[in-house]
Each structure stands twice: as structure tokens, then as C-alpha cells.
Amino acid sequence: QTVIIDSKVIWRKYNTKWINIDNFISKYVVFIITCDKYKDRRDMIEKTWFQDFKKRDVPTFFVYGDDQMKSESRIDGNNLYLKFKECYENLPIKSKLIVDYYNKNYSQKGYQGMFKIDDDNFVNVCNIFKYEYLFKYNNYVGKRLGGVDQAPLKLTYVSDKLNKEMKVKNLI
């Protein structure tokens with residue numbers, strides 16, 4: 001059961017306790033993976049679900065690569081530029097640099113985690129509120145790669161052990 005108060009504050013009842021969902025979601029950072037080639041996607045995102053995060057003061061960035069920068073990162077409005085060559089083959093590097101950026105700039109400031117979202121996804125922000133409890137107990141929430149079941153709300157959870165193995169094999 002969800003109650004909306006003043007169309008800005010959202011409350012949800014868990015067991016017998018009411019919690020302010022806005023307080024929960026404001027402790028996350030959203031990174032949207034994109035590139036200059038997909039400006040049309042960015043424009044559509046800015047007009048739709050991007051606004052749901054911004055009105056709750058959730059730091060939300062479109063992430064680009066720029067290998068000509070002198071610094072490791074630069075923010076220009078809603079754009080975050082990281083120092084690497086932007087190309088499809090470098091998506092794993094982009095993902096690692098986003099995690100590094102989050103750890104350096106947000107993890108020690110009371111934020112609970114981050115969302116990495118591709119620019120070809122539509123985000124139902126209400127579903128993020130609905131499945132809020134999953135983020136506290138899992139390092140990864142998303143769809144299984146190559147899985148047969150492609151139901152939109154079917155979520156897969158990766159254990160701590162598997163998450164550590166993935167880091168070792170793919171990011172280091």
C-alpha cells in the first residue's frame with residue numbers, strides 16, 4: 001500500500017512500519033551509460049524517467065568517455081565525463097570507472113549504492129521503490145544474461161562469492 005502526500009513525498013508500509021521512500025531513494029546515485037551517437041535516447045530519457053530521480057534530488061548523470069581530458073573526471077551539468085576512449089569495446093572499462101568514481105565521490109558520504117543503467121532502458125522509478133528491499137541484501141539486481149526467462153520483473157540475485165569472482169575475472 002502506497003500513499004502519496006503533496007505529490008512529492010511517498011510513503012510505503014512495510015510490515016507495521018511506514019517509511020518515507022524519498023529518504024531511501026535519495027541515498028543512491030544513478031549513472032546512465034550513453035555516448036554522443038545516441039543523443040536521441042538521452043533526450044527521451046531527460047523528458048521521462050530522468051525527471052523522477054531529479055525531483056527527489058538523486059544525483060543522476062549521463063556518462064561519457066573522453067580520453068583527451070587532463071583530469072580523471074569532469075562534471076558538466078548532468079554529464080559525467082571519465083578519462084577513457086569512448087567505444088563499444090571499452091564498456092567494461094567504463095563500468096569499472098563508474099564504480100571507481102562512485103567509491104571516491106559518494107560511498108563515504110552516506111550513499112548506500114548506485115544504479116548503472118543503459119540508455120536503451122526505460123526505468124519505472126516506482127518499481128525501484130517497490131523492490132527497495134532487494135538492494136539492501138544483494139550486490140546485483142538485474143536480469144540473467146542469456147537466460148530463457150525474460151519476464152520484465154523476474155530478477156536475478158548474485159551472491160557475494162560470485163560477485164567477487166566477477167570482479168577478479170572482469171574488472172582487474
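See the structure printed just above.
Residues numbered from 1 in each chain as written. Predicted model: local features only at pLDDT ≥ 70, side-chain atom pairs only at ≥ 80, totals over all residues. Heavy atoms only, no water.

J.: Account for the sheet that holds strand 6 (residues 73-76), with residues named and values stated.
T.: One open sheet accounts for five strands, arranged 6-7-5-4-8; its pairing is mixed. Taken across any chain shown, the strands that pair with only one partner, and hence form the sheet edges, are strand 6 and strand 8 (113-118). Ignoring strand direction, the axes of neighbouring strands in this sheet form an average angle of 30°. Relative to strand 5 (residues 60-65), strand 4 (residues 28-33) runs parallel, the two sharing four bridges. In the sheet register, Phe31 faces strand 5, and the bridge partner there is Phe61. Its contacts with the sheet place helix 2 (residues 39-47) against strand 4, strand 5 and strand 7 (79-82), and it is angled at close to 170° to strand 5. Along the sheet, helix 4 (residues 91-105) makes contact with strand 4, strand 5, strand 6, strand 7 and strand 8, crossing strand 4 at roughly 160°. (Pairing = 2+ DSSP bridges. Helix = DSSP H or I, 4+ residues; strand = E, 2+ residues; numbered from the N terminus. Axes fitted to C-alpha atoms, helices over the stretch in contact; angles between N-to-C directions. Contact = heavy atoms within 4.5 Å.)

J.: Tell me about the pairing of strand 5, and name the residues and values.
T.: Across the six residues that make up strand 5, a large majority, six, are buried. Here strand 5 shows two buried faces, one formed by Thr60, Phe62 and Tyr64 and the other by Phe61, Val63 and Gly65. Where strand 5 lies against strand 7, four bridges are found, and the strand directions are parallel. By the bridge assignment, Gly65 is partnered in strand 7 with Leu82. (Buried < 20%, exposed > 50% of the residue type's maximum accessible area, 1.4 Å probe, protein only.)

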